[in-house]
Amino acid sequence: MQNSFIRKFLGSKIGWLYMASIGVVLCATLLGLFVSSVKFPIPTILHIVADKSFGLGWLTDVPKNEELIIWNIRVPRVLLAFLVGASLSLAGAAFQGLLRNPLADPYTIGVSSGAALGAVTVLFFQYTIWGLGSYTLPIVAIISGFLTLFVVFGIVRLSSRSLAIETIILAGIIVGAFVGALTSLMISLGDRDAMTQIMYWLYGSVAMRGWSHVQLIIPFLVIGSIILLAHYRELNALALGEEAADHIGVNVKRGKILILIGASLLTGSAVAVSGSIGFVGLVVPHLVRLMTGPNHRNVLPLSILLGGSFLVFADLLARTIIAPQELPIGVITALIGAPVFALLLIRDRMGRGESR
């Protein structure tokens with residue numbers, strides 16, 4: 001029976017999409033490891049990864065500097081890019097499902113800006129919360145992003161009884177501008193070195209990150225993913241509207257709070273380790289929905305796979321397009337995401353105009 005289910009799944013469209021997505025993940029990972037401005041033989045790279053991961057290396061004369069570059073710089077960079085992309089994409093899919101509109105994501109509704117303010121505050125004042133240690137940065141970023149989200153929804157509730165997506169995005173832009181002003185104020189009060197460091201961090205990057213950053217994001221990614229994947233039914237029900245979801249037995253209030261918590265965990269931790277990287281949570285979930293339909297049982301896991309792959313490819317482009325110099329990865333995602341966002345907005349407006 002189990003074999004029959006597997007054969008049926010693999011023979012379906014969704015099964016093929018999952019297999020193709022896994023193939024994209026492998027392709028992105030291998031290209032991220034193999035291609036760079038500093039070139040190493042592919043057998044050497046594979047040996048180092050296999051030896052460090054499983055103790056199965058086969059070469060005996062690998063230079064120490066090559067081993068350090070591959071294992072301590074390139075591997076964690078590719079892995080971190082995947083984890084950040086997966087986090088932002090999954091959070092974007094949750095926000096879009098919750099708000100019932102493909103134009104919502106952590107960046108457009110101000111959550112990323114709020115998380116960035118919290119992270120910059122920690123970086124600027126160099127403080128550590130007792131008992132948290134290195135986890136001070138992601139936890140403060142998560143709390144700041146969550147508070148910003150409540151401010152956005154508070155403004156929406158005061159200005160309109162309905163959660164119209166245009167009102168939410170406008171409130172997100174207003175709050176994001178205010179939060180950005182506070183961030184700029186802190187940057188301007190710092191010295192030149194601190195200003196340069198924080199400004200580059202705000203553009204979004206996974207360069208010069210190591211295993212410590214991977215260890216920081218993994219717990220929040222795991223917890224946030226479990227929360228959202230466990231509540232895909234609530235997201236499906238909320239797509240019908242809150243009243244309809246309530247009628248079919250969904251605890252709407254509890255479901256919304258848990259979904260917001262899970263999405264904020266993912267957004268805050270991603271921003272804490274990589275800075276503000278926009279539009280990943282907008283583009284990828286929307287493309288996934290075009291391929292799979294609205295069922296979040298498939299939208300959420302495929303967003304993880306394709307979102308992570310997308311950011312690995314974006315980082316590869318950022319570090320090779322003007323090699324040996326690098327572009328901030330946030331620049332690449334914005335160049336891709338901004339036109340897509342404009343097209344989505346135009347299509348949404350045209351669709352509403354036709355329905356009238």
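Quick caveat, the model's predicted, so the values are computed rather than measured. (Residues numbered from 1 in each chain as written. Predicted model: local features only at pLDDT ≥ 70, side-chain atom pairs only at ≥ 80, totals over all residues. Heavy atoms only, no water.)

Some details on the side chain of serine 264
For serine 264, the position within the fold is in helix α12 (residues 252–274). Here the side chain of serine 264 touches leucine 260 through a polar contact of 2.8 Å, landing on its backbone oxygen. (Helix = DSSP H or I, 4+ residues; strand = E, 2+ residues; numbered from the N terminus. Polar contact = N/O pair within 3.5 Å; in protein donor to acceptor, adjacent residues only side chain to side chain.)

Re the layout of surface pockets
The volume enclosed by the largest pocket comes to roughly 470 Å³. Sorting the residues of the lining of the largest pocket by element identifies α5 (111–125), α7 (165–189), α8 (192–203) and α15 (329–355) as the ones contributing at least two each. By residue number, the principal contributor to the lining of the largest pocket is α7, which donates 10 residues. Here the residues of the lining of the largest pocket are counted per class, giving 13 nonpolar, 10 polar and no charged. Approximately 390 Å³ is the volume found for the second largest pocket. What lines the second largest pocket is a set of 20 residues, among which Leu123, Leu137, Gln197, His213 and Ala272 lie closest to the centre. When contributions to the lining of the second largest pocket are tallied by element, the ones reaching two or more residues are α5, α6 (136–159), α8, α9 (211–230) and α12. The element that contributes the greatest number of residues to the lining of the second largest pocket is α8, accounting for 3 residues. (1 Å grid on protein atoms, 1.4 Å probe; cavity = no way out; pocket = protein on both sides within 12 Å on 5 of 7 lines; lining within 4 Å. Points joined across faces, edges and corners; volume = space filled by probe spheres on them. Nonpolar A, V, L, I, M, F, W, Y, C, P; charged D, E, K, R; others polar.)

What to know about helix α4 (residues 64–99)
Note that an α-helix has 3.6 residues per turn; residues three or four places apart therefore point the same way. For α4, with 36 residues, the first-to-last C-alpha span of 51 Å sits near the 52 Å given by 1.5 Å per residue. Largest kink in α4: about 30°, centred on isoleucine 70. Summarising burial for α4: 29 of the 36 residues are buried, a large majority. (Expected span 1.5 Å × (residues − 1). Bend = angle between axes of the 7 residues up to and from the residue. Buried < 20%, exposed > 50% of the residue type's maximum accessible area, 1.4 Å probe, protein only.)

Notes on the packing of helix α2 (residues 13–34) against α4
Following both chains from N to C, one finds α2 and α4 inclined at 145°, their axes separated by 9 Å at the closest point. For the crossing formed where α2 meets α4, the hand is right-handed. Across from Val25, Thr29, Gly32, Leu33 and Phe34 in α2, the residues of α4 making contact are Arg74, Val75, Val78 and Phe82. (Axes fitted to C-alpha atoms, helices over the stretch in contact; angles between N-to-C directions. Left-handed = near helix turned anticlockwise from the far one by under 90°. Contact = heavy atoms within 4.5 Å.)

Digging into empty space enclosed by the protein
A full pass over the atoms with the stated rule returns 1 cavity of 30 Å³ or more. Considered as a void within the structure, the largest cavity measures approximately 30 Å³ in volume. Around the largest cavity sit Leu88, Asp105, Pro106, Tyr107, Ser112, Ile277, Gly278, Phe279, Val280 and Gly281, which together line it. Grouping the constituent residues of the lining of the largest cavity by class yields 6 nonpolar, 3 polar and 1 charged.

Re the packing of aromatic side chains
Applying the stated criterion to the full structure yields 5 aromatic pairs. Ring geometry for tryptophan 71 versus tryptophan 211: centroids 5.1 Å apart, planes at 40°, classification tilted. Here the residue tryptophan 71 occupies a position in helix α4, and tryptophan 211 occupies one in helix α9, the gap between them amounting to 140 residues. Of the residues examined, tryptophan 211 reaches a relative accessible area of 26% and is grouped as partly exposed. Between tyrosine 107 and phenylalanine 279, the ring centres sit 5.2 Å apart and the planes meet at 45°, which makes this aromatic pair tilted. Of this pair, tyrosine 107 sits in the loop between α4 and α5 while phenylalanine 279 sits in the loop between α12 and α13 (280–292), and the two are 172 residues apart along the sequence. (Phe/Tyr/Trp six-rings, centres within 6.5 Å; stacked < 30°, edge-to-face > 60°.)

Some remarks on the confidence of the model for the protein chain
Looking at the protein chain, pLDDT values average 84 and 92% of them are 70 or higher. Within the protein chain, the element-level pLDDT minimum falls on helix α1 (residues 2–10), averaging 61, and the maximum on helix α14 (residues 296–320), averaging 94. (pLDDT = per-residue confidence, 0-100.)

Brief notes about the environment of leucine 260
The topology assignment puts leucine 260 in helix α12. Judged by relative accessible area, leucine 260 falls into the buried class, the value being 12%.

Some details on a nonpolar patch on the surface
A contiguous nonpolar patch, built from Leu30, Ile42, Leu46, Trp58 and Leu59 and spanning about 430 Å² of accessible area, is present on the exposed surface. Residue classification places leucine 46 among the partly exposed residues on the basis of a relative accessible area of 37%. (Patch = residues over 30% accessible without salt bridge, like charges linked within 9 Å, V, L, I, M, F, W, Y side chains within 5 Å. Areas by Shrake-Rupley, 256 points an atom, 1.4 Å probe, with all protein chains shown as cover. Salt bridge = Lys/Arg side-chain N within 4 Å of Asp/Glu carboxyl O.)

Details of unusual backbone geometry
Phi at methionine 208 is positive, roughly 60°, even though this residue is not glycine. Among the secondary structure elements, methionine 208 is positioned in the loop between α8 and α9. Here methionine 208 falls in the exposed class, since its relative accessible area comes to 77%. Look at phenylalanine 279: it is not a glycine, yet its phi comes out positive at around 75°.

Points about the environment of tyrosine 18
Residue position: tyrosine 18 is located in helix α2. Classification of tyrosine 18 as buried rests on a relative accessible area of 16%. Along the chain, tyrosine 18 and asparagine 298 lie 280 residues apart, while their C-alpha atoms are 8.9 Å from each other.

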